[in-house]
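# Structure assessment
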Amino acid sequence: MKDKFYKYILNLQDQITSKLEEIDGGAKFREDIWERSEGGGGRTRVIQNGNGIEKGGVNVSAVHGKLPDSMQKLFNVGEADFFACGLSLVIHPKNPMAPTVHANWRYFEMYDDNGNVINSWFGGGQDLTPYYLFEEDAIHFHQTCKTACDKHNPEFYPKYKKQCDDYFWNVHRNEARGLGGLFFDYCKATETMKMEDWFNFVTEVGDSFLEAYAPILERRKKLPYTLEQRTWQEIRRGRYVEFNLVHDKGTLFGLKTNGRIESILMSLPPNVQWHYDHHPVAGSEEEKLIQILEKPIDWI
């Protein structure tokens, strides 16, 4: 399974970076191959200063070795060997009318002393973080997520949509990071869902990513905007940074397993602002977004 999924995410990385380069029409992804001293490595691809994309990364990693102490405590296990692979991406468009997007699909295994798999699971999801609200974009993104889920189980979309709303919540700000999407983790074999079934579901979601996001980026990347709107985008990007550094499990996992720091922090936008006690103007488009973020809604 690990070889099968690793091959899948390498191919998906090629598809996504090729399409994003086509949409941007200017910049190309820079590729870095890296190795982890404890075992494994990855293929990082980053795009910067493009026509439409200010900064983005589409990264694949596959790491293995002894499970660090911090991870042993998190998983409530003793010493064990592990393997983890995944594709993680974040795209920060230049235009504040175009939303930031994040996605991740991953697979994890743990082994006993004889190298036998004692635990394995899939995880992942995709979510949208706009700076100005276009309801048709939110509906399109969520409908694409729902369509992918419904092919496998009609209960998946409402369940994983709620888990996304709950997970991408900036507790210290009491607001959502964005408009959500899907979030699922610890998807293990059961009587009704074998690991092959989970593989088919996760790859279905992965394959839906470009359909979910590419049309939105193409629609919004050339819309006119003001300096004030750009400032608002950078203030909201600050909340994005706060979530990734304070709450995000993927960032913490990378840091605690001695991952490549440049690949882990590629998710951070290049230009960000923090204004003291900032509040949007009453009745403005900026305030409208904040009101939505304070209470997640059903977009379908």
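What counts and how
- Residues numbered from 1 in each chain as written.
- Predicted model: local features only at pLDDT ≥ 70, side-chain atom pairs only at ≥ 80, totals over all residues.
- Heavy atoms only, no water.
- Helix = DSSP H or I, 4+ residues; strand = E, 2+ residues; numbered from the N terminus.
- Contact = heavy atoms within 4.5 Å.
- Areas by Shrake-Rupley, 256 points an atom, 1.4 Å probe, with all protein chains shown as cover.
- Lys, Arg positive; Asp, Glu negative; His and termini not counted.
- Charge placed at Lys NZ, Arg CZ, Asp CG, Glu CD.
- Core = buried A, V, L, I, M, F, W, Y, C linked by side-chain atoms within 4.5 Å.
- Buried < 20%, exposed > 50% of the residue type's maximum accessible area, 1.4 Å probe, protein only.
- Pairing = 2+ DSSP bridges.
- Axes fitted to C-alpha atoms, helices over the stretch in contact; angles between N-to-C directions.
- Phe/Tyr/Trp six-rings, centres within 6.5 Å; stacked < 30°, edge-to-face > 60°.
- Lys NZ or Arg CZ within 6 Å of the ring centre and 35° of its normal.

Time to look at the overall build of the chain. In terms of regular secondary structure, the chain is built from 9 helices and 9 strands. Considering only C-alpha atoms, the chain reaches an extent of 60 × 40 × 35 Å along its principal axes. Sequence-distant contacts in the chain: of pairs separated by 6 or more residues, those separated by 24 or more amount to 69%. Summed over all atoms, the accessible surface of the chain reaches about 14,000 Å², with 50% contributed by carbon and sulfur. Counting 36 positive and 44 negative side-chain charges, the chain places the centres of these two groups 1 Å from one another.

If you trace the backbone, Arg-236 turns up in helix α6 (residues 227-246). With residues up to four places along the chain from it excluded, the contact list for Arg-236 reads Tyr-131, Glu-175, Ala-176, Ile-290 and Leu-293.

In terms of nonpolar packing, the biggest core is built from 50 residues, with Phe-5, Leu-89, Trp-105, Phe-122, Trp-198 and Phe-201 touching the most fellow members. The element contributing the most residues to this core is helix α5 (residues 195-220), with 12 residues. Apart from the residues within four sequence positions on either side, Trp-198 is in contact with Phe-122, Phe-156, Tyr-160, Cys-187, Lys-188, Ala-189 and Met-193. If you look at the next biggest cluster of nonpolar residues, it comprises 14 residues, including Met-97, Leu-133, Trp-169 and Leu-289.

Strand order in the open sheet formed by 7 strands is β1-β2-β3-β4-β5-β6-β9, and the pairing between neighbours is antiparallel. Every interior strand has two partners, whereas the edge strands, β1 (30-35) and β9 (180-187), have only one. Sheet twist, expressed as the average angle between the axes of neighbouring strands with direction ignored, equals 5°. Across 12 bridges, the pairing between strand β5 (residues 100-111) and strand β6 (residues 117-129) is antiparallel. Bridge pairing links Ala-103 to Gln-126 in β6.

Note that Asp-112 resides in the loop between β5 and β6. A residue is classified by how much of its surface remains accessible, and Asp-112, at 27% relative accessible area, is partly exposed. For the pair Asp-112 and Ala-80, spaced 32 residues apart in sequence, the C-alpha separation works out to 6.3 Å.

This next bit is on unusual backbone geometry. A positive phi angle is found at Asn-174, which is not glycine, with a value near 55°. With respect to the helices and strands, the residue Asn-174 is situated in the loop between β7 (169-170) and β8 (175-176). Exposure remark for Asn-174: the relative accessible area of 51% places this residue in the exposed category. Unlike most non-glycine residues, Asp-277 shows phi in positive territory, near 50°. Topologically, Asp-277 is positioned in the loop between α8 (261-264) and α9 (285-293). Of the residues examined, Asp-277 reaches a relative accessible area of 54% and is grouped as exposed.

Moving on, we come to the packing of aromatic side chains. Taken as a whole and judged by the stated rule, the model has 24 aromatic pairs. With 4.7 Å between their ring centres and 90° between their planes, Tyr-167 and Phe-168 make a pair best called edge-to-face. Residue Phe-168 is classed as buried on the basis of its relative accessible area of 4%. Arranged with centres 6.0 Å apart and planes meeting at 85°, the rings of Phe-168 and Phe-183 form a pair that is edge-to-face. Highlighted residues: Phe-168 in the loop between α4 (156-167) and β7 and Phe-183 in strand β9, separated in sequence by 15 residues. With relative accessibility at 11%, the residue Phe-183 sits in the buried group. A network of ring pairs unites the aromatic residues Phe-5, Tyr-8, Tyr-107, Phe-122 and Phe-199 as a single cluster. Positioned above the aromatic ring of Phe-83 is the side chain of Lys-2, whose terminal nitrogen or guanidinium carbon lies 4.9 Å from the ring centre.

Worth remembering: the numbers are spatial, not functional.
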